[in-house]
Amino acid sequence: NSVKAFAPATVANVSCGFDILGFAIDAMGDQVEVRDRNQPGLVVVSIEGDEGRLPYEVEKNTCAVAIQAMLDELGKEVGLEIYLKKGLPLGSGMGSSAASAVAALVAANRLLGEPFEKKQLLPFAMQAEKVACGAGHADNVAPSLLGGFVLIRDYHPLDVIKLHVPEGLFCTLLHPHFELKTADSRSVLRDTVSLKHSTIQSGNVAGLVAGLFQEDFDLIGRSLRDVIAEPYRATLIPGFYEVKEAVKSAGALGMGISGSGPTLFALSKGKETVQTIIDAAQQVYDSIGLGVDAY
Ligand code: HSE
C-alpha cells in the first residue's frame, strides 16, 4: 500500500506574531509518498527537487524524524518507505522543512489507518522542525497542516486556534536568490524584549487578529509591524526597507519577512495590485543586483 500527501508553503510570524502566527499559501508545496515496507524501520528512498542537498539519514531527514516521532508515540514497529518531492526552495522562509514534515505525517497517518486526528500530528511535526532549525516552533507546521490562518495561543500545552481569513486577501511572496538558514536568522535575535516593545507588539497582534475577523483590510495592514525580530533580521536581507517602501507605494497593505526570511511577503486587498507590487519590488532588486522570484 502507499499514500501520497501534499502540504503547502506557509508564511510564519506574519510580522507581529513571532512564533505564534502563520498562514498557508494556496499554491506551491511539497509532496510525500509513504509506502509499506516488508521489514521494520524507516527508509528515505528518494528525494527530488533538492539538488541533492537534503539528508537521507533517518535522524536528520525532517520527513523521517516526524514519522519516527509518530511511530514512537504509537509504540509500533512498522516498516515504511519515504519518497519526497520538494516543490519549495530550501532556506527560503517559506516553511520548506515544515511542508515536508507535514506531508510525510499526513501520508503515514493515513497509511496506518488514521490513528491520530490531524491536530494530534502537530507535536511530531514540531520535533522535525527542531531537528531542521534548532527550534520546535509551530508557526509553519500548524498552518501547513490545518490550512488558513493559525494562531498558536500557547505552546505549553499546545493551543492552536484557526482564525478567519477575509475573502480577497492576497499574499505576494518575493523570494530573493539567496538562502538564509532559520538557525542563523534566529541567532541574531535578542533574548529579552523591552516593556515598550512588548506593548507595541501585543497591540499589533491583537490588531491583526481583529482585522482578520472584522475583514478590516486597513487594520490588517497597520498591524503588520514587528519591533522584535524584523529590526535585527532586516540587516541580513539586502534592500529590505527599500522593497517595503516600494511595495507599500504600489498598493500593498503591508510587508514583512516571511518566517525567518529571506523571502518577503506582502498582503493586499484583491488581486489587482499584485502585479504592481511585483514590478515595484523587482525594480528595487534590479537596482541592488539581486535576482528574485515572485509568487
Ligand atoms: N517563527 C520562526 C522564526 C519561523 O521566525 O524563526 C521560521 O520559519
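Residues numbered from 1 in each chain as written. Predicted model: local features only at pLDDT ≥ 70, side-chain atom pairs only at ≥ 80, totals over all residues.

**Focus: the overall build of the protein chain**
For the protein chain, the count of helices and strands is 10 helices and 10 strands. In terms of overall size, the protein chain behaves like a compact globule, its C-alpha atoms giving a radius of gyration of 19 Å where 295 residues would be expected to give roughly 19 Å. With respect to the three principal axes, the spread of C-alpha positions in the protein chain is 60 × 40 × 35 Å. Residues counted as buried form 48% of the 295 residues belonging to the protein chain. Considering only intrachain contacts with a sequence separation of at least 6, the fraction spanning at least 24 residues in the protein chain is 71%. (Helix = DSSP H or I, 4+ residues; strand = E, 2+ residues; numbered from the N terminus. Rg over C-alpha atoms; globule rule 2.2 N^0.38 Å. Buried ≥ 20, exposed ≤ 12 C-beta atoms within 10 Å, placed from the backbone. Contact = placed C-beta atoms within 7 Å.)

**Comments concerning the site of the ligand**
Lining the immediate surroundings of the ligand are 13 residues, of which A12, D19, H137, G259 and S260 lie closest. Tallied by class, residues from the shell around the ligand come to 2 nonpolar, 8 polar and 3 charged. (Near = placed C-beta within 6 Å. Nonpolar A, V, L, I, M, F, W, Y, C, P; charged D, E, K, R; others polar.)

**Observations regarding the packing of helix α9 (residues 240–249) against helix α10 (residues 274–288)**
Packing of α9 against α10 brings their axes to within 8 Å, and their N-to-C directions diverge by 150 degrees. Overall, the two elements α9 and α10 adopt an arrangement that is roughly antiparallel. For the pair α9 and α10, the crossing hand works out as right-handed. For the pair α9 and α10, contact is made by E242, V243, A246, V247 and S249 and by I277, A280, A281, Q283 and V284, respectively. Tallied by class, residues from the contact of α9 with α10 come to 7 nonpolar, 2 polar and 1 charged. (Axes fitted to C-alpha atoms, helices over the stretch in contact; angles between N-to-C directions. Parallel < 35°, antiparallel > 145°, perpendicular 65-115°, else oblique. Left-handed = near helix turned anticlockwise from the far one by under 90°.)

**Remarks on the UniProt feature "domain: GHMP kinase N-terminal" (unreviewed entry) in the protein chain**
Those residues carrying the UniProt feature "domain: GHMP kinase N-terminal" (unreviewed entry) are residues 64–148 in this numbering. Here residues 64–148 runs as 53% helix and 8% strand, with 25 Å between its end C-alpha atoms. (UniProt positions renumbered as here; feature names shortened; annotations may be inferred.)

**Regarding the nonpolar core**
Formed by 87 residues in total, the largest nonpolar core has its most connected members in A66, V102, A104, L105, A125 and A281. Tallying contributions element by element places helix α2 (residues 96–111) first for this core, with 10 residues. Residue contacts for V102: discarding those within four places in its chain leaves A7, A125, V141, S144 and L145. (Core = buried A, V, L, I, M, F, W, Y, C linked by C-beta atoms within 7 Å.)

**Remarks on the sheet that holds strand β10 (residues 292–294)**
A sheet is described by the order of its strands in space; here 4 strands give the open sequence β8-β9-β7-β10, paired in antiparallel fashion. Each edge of the open sheet is held by one strand with a lone partner, namely β8 (254–257) and β10. Pairs of neighbouring strands in the sheet enclose a mean axial angle of 20 degrees, with direction left out of account. Examined bridge by bridge, β8 and strand β9 (residues 264–269) share 4 bridges and lie antiparallel to one another. Paired with G254 across the bridge in β9 is L267. Along the sheet, α9 makes contact with β7 (169–176), β8 and β9, crossing β8 at roughly 150 degrees. Where α10 meets the sheet, its contacts fall on β7, β9 and β10, and the angle it forms with β7 comes to roughly 20 degrees. (Pairing = 2+ DSSP bridges.)

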